[in-house]
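A closer look at the structure
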Amino acid sequence: RIIIMPISNSVEVKNLSFKYGTFKGAINVLSKLKLDIHKSEFMVLLGPSGCGKTTLAQQLSEQYAIQYFKIDEMYWQENWTLRKSEELCELVAAAIATDRWVIDGHGASAKLMIWQRATHIIWLNYPFVRVFSQMLRRTIQRAWAREVIF
(Lines give C-alpha, C1' and ligand atoms only; values in the text may rest on other atoms or scores of the structure.)
Protein backbone atom coordinates (compact mmCIF):
# COMPACT_ATOMS: atom_id res chain seq x y z
CA ARG A 1 0.00 0.00 0.00
CA ILE A 2 1.33 3.42 -0.92
CA ILE A 3 0.09 6.38 1.10
CA ILE A 4 0.45 9.75 -0.66
CA MET A 5 0.12 12.86 1.43
CA PRO A 6 0.10 16.00 -0.75
CA ILE A 7 1.33 19.03 1.11
CA SER A 8 0.34 21.40 -1.71
CA ASN A 9 -0.78 20.94 -5.49
CA SER A 10 1.05 18.03 -10.10
CA VAL A 11 4.24 15.49 -14.28
CA GLU A 12 1.21 13.11 -14.54
CA VAL A 13 2.12 9.53 -13.74
CA LYS A 14 -0.31 6.91 -14.99
CA ASN A 15 -0.13 3.15 -14.57
CA LEU A 16 3.50 3.05 -13.42
CA SER A 17 4.39 -0.59 -12.83
CA PHE A 18 7.62 -2.42 -12.10
CA LYS A 19 8.47 -6.12 -11.68
CA TYR A 20 11.52 -7.92 -10.34
CA GLY A 21 12.50 -11.22 -11.91
CA THR A 22 13.02 -14.07 -9.44
CA PHE A 23 13.70 -17.79 -9.58
CA LYS A 24 9.96 -18.42 -9.34
CA GLY A 25 8.91 -15.75 -11.85
CA ALA A 26 8.21 -12.03 -11.75
CA ILE A 27 7.11 -10.22 -8.62
CA ASN A 28 5.08 -7.03 -8.94
CA VAL A 29 6.58 -4.31 -6.76
CA LEU A 30 4.71 -1.37 -8.32
CA SER A 31 1.35 -1.77 -9.96
CA LYS A 32 -0.57 0.91 -11.86
CA LEU A 33 0.60 3.84 -9.72
CA LYS A 34 -1.12 7.14 -10.55
CA LEU A 35 0.38 10.42 -9.39
CA ASP A 36 0.49 14.04 -10.54
CA ILE A 37 3.65 16.10 -10.07
CA HIS A 38 3.58 19.76 -11.13
CA LYS A 39 6.57 21.96 -11.84
CA SER A 40 8.19 23.07 -8.60
CA GLU A 41 6.87 20.07 -6.72
CA PHE A 42 9.11 17.91 -4.63
CA MET A 43 8.67 14.38 -3.30
CA VAL A 44 10.16 12.56 -0.37
CA LEU A 45 9.79 8.78 -0.35
CA LEU A 46 9.80 7.25 3.12
CA GLY A 47 9.40 3.79 4.55
CA PRO A 48 11.41 0.98 6.06
CA SER A 49 14.58 -0.30 4.44
CA GLY A 50 13.79 -2.64 1.56
CA CYS A 51 10.23 -1.40 0.95
CA GLY A 52 10.87 -0.05 -2.58
CA LYS A 53 11.76 3.62 -2.08
CA THR A 54 14.72 3.47 -4.46
CA THR A 55 12.78 1.45 -7.04
CA LEU A 56 9.92 3.96 -7.11
CA ALA A 57 12.29 6.96 -7.14
CA GLN A 58 14.31 5.51 -10.05
CA GLN A 59 11.16 4.76 -12.03
CA LEU A 60 9.78 8.27 -11.51
CA SER A 61 13.13 9.81 -12.41
CA GLU A 62 13.73 7.73 -15.55
CA GLN A 63 10.22 7.81 -16.96
CA TYR A 64 9.25 11.38 -16.12
CA ALA A 65 12.56 13.33 -16.16
CA ILE A 66 12.45 14.20 -12.49
CA GLN A 67 15.78 14.69 -10.71
CA TYR A 68 16.48 11.86 -8.27
CA PHE A 69 18.73 12.27 -5.26
CA LYS A 70 19.82 9.26 -3.22
CA ILE A 71 19.99 10.41 0.37
CA ASP A 72 22.16 7.40 1.29
CA GLU A 73 24.79 8.48 -1.25
CA MET A 74 24.83 11.92 0.34
CA TYR A 75 24.84 10.52 3.87
CA TRP A 76 27.50 7.81 3.52
CA GLN A 77 31.04 8.14 2.24
CA GLU A 78 33.45 5.42 1.15
CA ASN A 79 33.78 2.42 3.51
CA TRP A 80 30.53 3.30 5.31
CA THR A 81 32.00 6.47 6.80
CA LEU A 82 29.30 8.81 8.01
CA ARG A 83 29.43 12.29 6.47
CA LYS A 84 29.53 15.23 8.89
CA SER A 85 26.14 16.80 9.50
CA GLU A 86 27.22 20.18 8.10
CA GLU A 87 28.48 18.56 4.86
CA LEU A 88 25.27 16.55 4.49
CA CYS A 89 23.17 19.68 4.95
CA GLU A 90 25.20 21.48 2.26
CA LEU A 91 24.69 18.61 -0.22
CA VAL A 92 20.99 18.41 0.56
CA ALA A 93 20.54 22.20 0.29
CA ALA A 94 22.09 22.14 -3.20
CA ALA A 95 19.87 19.21 -4.25
CA ILE A 96 16.59 20.66 -3.00
CA ALA A 97 17.30 24.05 -4.59
CA THR A 98 16.61 22.45 -8.00
CA ASP A 99 13.28 22.71 -9.86
CA ARG A 100 11.65 19.28 -9.43
CA TRP A 101 13.01 16.35 -7.45
CA VAL A 102 12.42 13.10 -5.64
CA ILE A 103 14.50 11.96 -2.67
CA ASP A 104 14.36 8.51 -1.11
CA GLY A 105 14.79 8.70 2.64
CA HIS A 106 15.16 11.58 5.04
CA GLY A 107 18.85 11.98 5.89
CA ALA A 108 18.45 12.39 9.67
CA SER A 109 20.11 15.77 10.28
CA ALA A 110 18.75 17.17 6.99
CA LYS A 111 15.23 15.81 7.47
CA LEU A 112 13.64 19.09 8.48
CA MET A 113 15.23 20.93 5.54
CA ILE A 114 13.92 18.32 3.08
CA TRP A 115 10.43 18.11 4.58
CA GLN A 116 9.98 21.88 4.66
CA ARG A 117 10.57 22.05 0.89
CA ALA A 118 8.65 18.87 -0.01
CA THR A 119 5.22 19.18 -1.57
CA HIS A 120 4.52 15.44 -1.32
CA ILE A 121 5.57 12.92 1.28
CA ILE A 122 5.02 9.38 0.06
CA TRP A 123 5.09 6.69 2.70
CA LEU A 124 5.52 3.15 1.37
CA ASN A 125 3.57 1.13 3.89
CA TYR A 126 3.70 -2.57 2.99
CA PRO A 127 3.21 -5.62 5.22
CA PHE A 128 6.30 -6.92 7.04
CA VAL A 129 6.35 -10.20 5.05
CA ARG A 130 6.54 -8.35 1.74
CA VAL A 131 9.27 -5.95 2.90
CA PHE A 132 11.27 -8.75 4.52
CA SER A 133 11.13 -10.93 1.38
CA GLN A 134 12.21 -7.97 -0.81
CA MET A 135 15.06 -7.19 1.60
CA LEU A 136 16.19 -10.81 1.75
CA ARG A 137 16.15 -11.13 -2.05
CA ARG A 138 18.10 -7.87 -2.44
CA THR A 139 20.67 -8.96 0.15
CA ILE A 140 21.21 -12.32 -1.52
CA GLN A 141 21.54 -10.71 -4.97
CA ARG A 142 24.06 -8.16 -3.67
CA ALA A 143 26.09 -10.84 -1.88
CA TRP A 144 26.06 -13.11 -4.96
CA ALA A 145 27.16 -10.26 -7.25
CA ARG A 146 29.63 -8.96 -4.59
CA GLU A 147 28.10 -5.53 -5.08
CA VAL A 148 29.91 -2.75 -3.29
CA ILE A 149 27.38 -0.32 -1.87
CA PHE A 150 29.50 2.41 -0.23
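Description of the structure in this document. (Residues numbered from 1 in each chain as written. Predicted model: local features only at pLDDT ≥ 70, side-chain atom pairs only at ≥ 80, totals over all residues. Heavy atoms only, no water.)

Let us look at the pairing of strand β9 (residues 120–124). Burial runs high along β9: four of the five residues are buried. Pairing of strand β4 (residues 42–46) with β9, which is carried by four bridges, proceeds in the parallel orientation. Bridged to Val44 within β9 is Ile121. (Buried < 20%, exposed > 50% of the residue type's maximum accessible area, 1.4 Å probe, protein only. Helix = DSSP H or I, 4+ residues; strand = E, 2+ residues; numbered from the N terminus. Pairing = 2+ DSSP bridges.)

Core analysis: the largest hydrophobic core is formed by 16 residues, its most contacted members being Met74, Val92, Trp101, Ile103 and Ile114. If one sorts the elements of this core by residue count, helix α3 (residues 85–96) sits on top with four residues. The residues touching Ile103, leaving out its near neighbours within four places in the chain, are Met43, Val44, Leu45, Phe69, Ile71, Ile96 and Ile114. Counting 14 residues, the second largest nonpolar core, distinct from the first, contains Met43, Leu56, Val102 and Leu124. (Core = buried A, V, L, I, M, F, W, Y, C linked by side-chain atoms within 4.5 Å. Contact = heavy atoms within 4.5 Å.)

With that settled, consider the pattern of salt bridges. The tally for this structure, following the rule as stated, stands at three salt bridges. Here Lys70 ties to Glu73 by a salt bridge, and the two come within 3.5 Å at their closest N and O atoms. Judged by relative accessible area, which is 31%, Lys70 ranks as partly exposed. What makes Glu73 partly exposed here is its relative accessible area of 46%. Glu147 is the salt-bridge partner of Arg142, the closest N and O atoms lying 3.8 Å from each other. For Arg142, a relative accessible area of 25% gives the class partly exposed. (Salt bridge = Lys/Arg side-chain N within 4 Å of Asp/Glu carboxyl O.)

Next up on the list: the packing of aromatic side chains. This model, assessed by the stated rule, comprises four aromatic pairs. For the pair Trp76 and Trp80, a centre-to-centre distance of 5.3 Å together with 65 degrees between the ring planes defines the contact as edge-to-face. Its relative accessible area of 24% is what places Trp76 among the partly exposed residues. Judged by relative accessible area, which is 47%, Trp80 ranks as partly exposed. Put simply, the rings of Tyr75, Trp76 and Trp80 touch in pairs and so form one group of aromatic residues. The ring of Trp115 has Lys111 lying over it, and the distance from NZ or CZ to the ring centre is 5.5 Å. (Phe/Tyr/Trp six-rings, centres within 6.5 Å; stacked < 30°, edge-to-face > 60°. Lys NZ or Arg CZ within 6 Å of the ring centre and 35° of its normal.)

On to α3. Side chains three or four residues apart in an α-helix point the same way, a direct result of the helix having 3.6 residues per turn. With twelve residues, α3 should reach 16 Å at 1.5 Å per residue; the first-to-last C-alpha distance of 16 Å fits that figure. Of the positions making up α3, those classed as buried are Leu88, Val92, Ala95 and Ile96. The arc enclosing the buried residues of α3, seen along the axis, measures out at 85 degrees, which places them on a common side. Exposed and facing more than 90 degrees away from the buried side of α3 are Glu86, Glu90 and Ala94. Tucked into the core, α3 has its buried residues touching β5 (67–70), α2 (71–75), β8 (101–104) and α4 (111–117). (Expected span 1.5 Å × (residues − 1). Arc of directions from axis to C-beta.)

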